[in-house]
Amino acid sequence: MANYENGLDTKAKIIDACKELFYLKGFEKTTFKDIGQLAGVNQGLIVYYFKNKNILASTVFQLVMSQLMEQIERQFQKAENLTRYFISDFLYFRLLYEDENFRRFMESCCINGVLHKNPETYEKEYEKYYDEIIQFLERDYIADVTLKDGLIAVYEGMKDTYTLYICRNLDQMTIDVAATNYITIYCHLLDIPKDVYGERMLRAELLSNQVIVSVDRLNFSMQKGHHARVRWNEE
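Calculation criteria
Residues numbered from 1 in each chain as written. Predicted model: local features only at pLDDT ≥ 70, side-chain atom pairs only at ≥ 80, totals over all residues. Heavy atoms only, no water. Buried < 20%, exposed > 50% of the residue type's maximum accessible area, 1.4 Å probe, protein only. Pairing = 2+ DSSP bridges. Helix = DSSP H or I, 4+ residues; strand = E, 2+ residues; numbered from the N terminus. Axes fitted to C-alpha atoms, helices over the stretch in contact; angles between N-to-C directions. Parallel < 35°, antiparallel > 145°, perpendicular 65-115°, else oblique. Left-handed = near helix turned anticlockwise from the far one by under 90°. Contact = heavy atoms within 4.5 Å. Phe/Tyr/Trp six-rings, centres within 6.5 Å; stacked < 30°, edge-to-face > 60°. Lys NZ or Arg CZ within 6 Å of the ring centre and 35° of its normal. Salt bridge = Lys/Arg side-chain N within 4 Å of Asp/Glu carboxyl O.

Enquirer: Honestly, unusual backbone geometry in this entry has me stumped. Any pointers?
Expert: Across residues other than glycine, the phi torsion is negative in most instances, and most of the peptide bonds are trans. One non-glycine residue, arginine 217, lies in the positive phi region at around 55 degrees. With phi around 60 degrees, leucine 218 is a residue other than glycine that occupies positive phi space. Among the residues examined, leucine 218 registers a relative accessible area of 0% and is labelled buried.

This is how it looks when you write it as structure tokens:
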């Protein structure tokens, strides 16, 4: 039991160090030496627990997204599942636009294939969040079962492709347009009717503007408050 708890403690120290370093220094510039020094652990333990830097980045990303969904569920308990998923999209893109360090981290994740589905590296909290979304879409909105696997594969790959596009084209559209375009595209792909997703998307946009979010050192936080929009395409 002591060895198991020590292992969990070591892994937590490594992840905490990665959050800070990936956020402040960047994924590409962070080395195992940096992580070991900040975490106070031997570099060999980092490789033992996580194998490589991509798995570390994947773990950090999963924890951020899990924190985001958990807080959305608490804050918006009365909202329908689909509306909550849309809220998570609006908040994700807000962070992408407004936090340069988060955007740099996500761009590196996309370039290095960190967001690709790999159940072997899934954290328990993220696996629960991810599976709930997929099962919900499968059950309620994928009408043609013969296309199910292909549609879900496309949905899974959209986030990194679209995220990378946004990171490199921030001045091409506003935050809200980026989020609504993303939601509209995957709703079309998954054959979700417009009369189902349209109203919920608008409601999600309104609700998302009732909270203030941050992701300092890749720790997600949310509090009530009116969001002041940033306009990227205006001087």
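The rest of the description comes next.
Enquirer: Is there a simple way to explain the pairing of strand 2 (residues 221-224) in this structure?
Expert: In summary, the side chains of a regular strand alternate between the two faces of the sheet. Sheet topology note: the strand 1 (residues 211-214)/strand 2 ladder contains four bridges and is antiparallel. Within strand 2, the residue paired with isoleucine 212 across the bridge is glutamine 223. Between the antiparallel neighbours strand 1 and strand 2 lie six residues, among them arginine 217 with a positive phi of about 55 degrees.

Enquirer: Would you mind going over the packing of helix 5 (residues 81-98) against helix 9 (residues 175-189) with me for this structure?
Expert: Between helix 5 and helix 9, the shortest axis-to-axis distance is 9 Å and the interhelical angle comes to 140 degrees. Comparing their axes, helix 9 and helix 5 come out oblique. For the crossing formed where helix 5 meets helix 9, the hand is right-handed. For the pair formed by helix 5 and helix 9, the contact residues are Phe86, Asp89, Phe90, Phe93, Arg94, Tyr97 and Glu98 on the first element and Ile175, Asp176, Ala178, Ala179, Thr180, Tyr182, Ile183, Tyr186 and Cys187 on the second.

Enquirer: Can you help me understand the packing of aromatic side chains in this one?
Expert: Think of a pair of aromatic rings as described by two things: how far the centres are apart, and how the planes are tilted against each other in angle. Counting across every chain of the model gives 11 aromatic pairs. Judged by centre distance (5.0 Å) and plane angle (75 degrees), the rings of tyrosine 48 and tyrosine 49 are edge-to-face. The class for tyrosine 49 is partly exposed, based on a relative accessible area of 27%. A network of ring pairs unites the aromatic residues Phe86, Tyr92, Phe93, Phe102, Tyr162, Tyr165, Tyr182 and Tyr186 as a single cluster. Note that lysine 53 overlies the ring of phenylalanine 27, its terminal NZ or CZ placed 4.7 Å from the centroid.

Enquirer: Is there a simple way to explain the pattern of salt bridges in this structure?
Expert: Two side chains carrying opposite charge are able to pair once their charged atoms lie near each other. Scanning the entire structure with this criterion turns up six salt bridges. The salt bridge involving arginine 168 is made with glutamate 107; its shortest N-O contact spans 3.4 Å. Placement of the pair is arginine 168 in helix 8 (residues 148-168) and glutamate 107 in helix 6 (residues 100-111), with a sequence separation of 61 residues. Since its relative accessible area comes to 52%, arginine 168 is described here as exposed.

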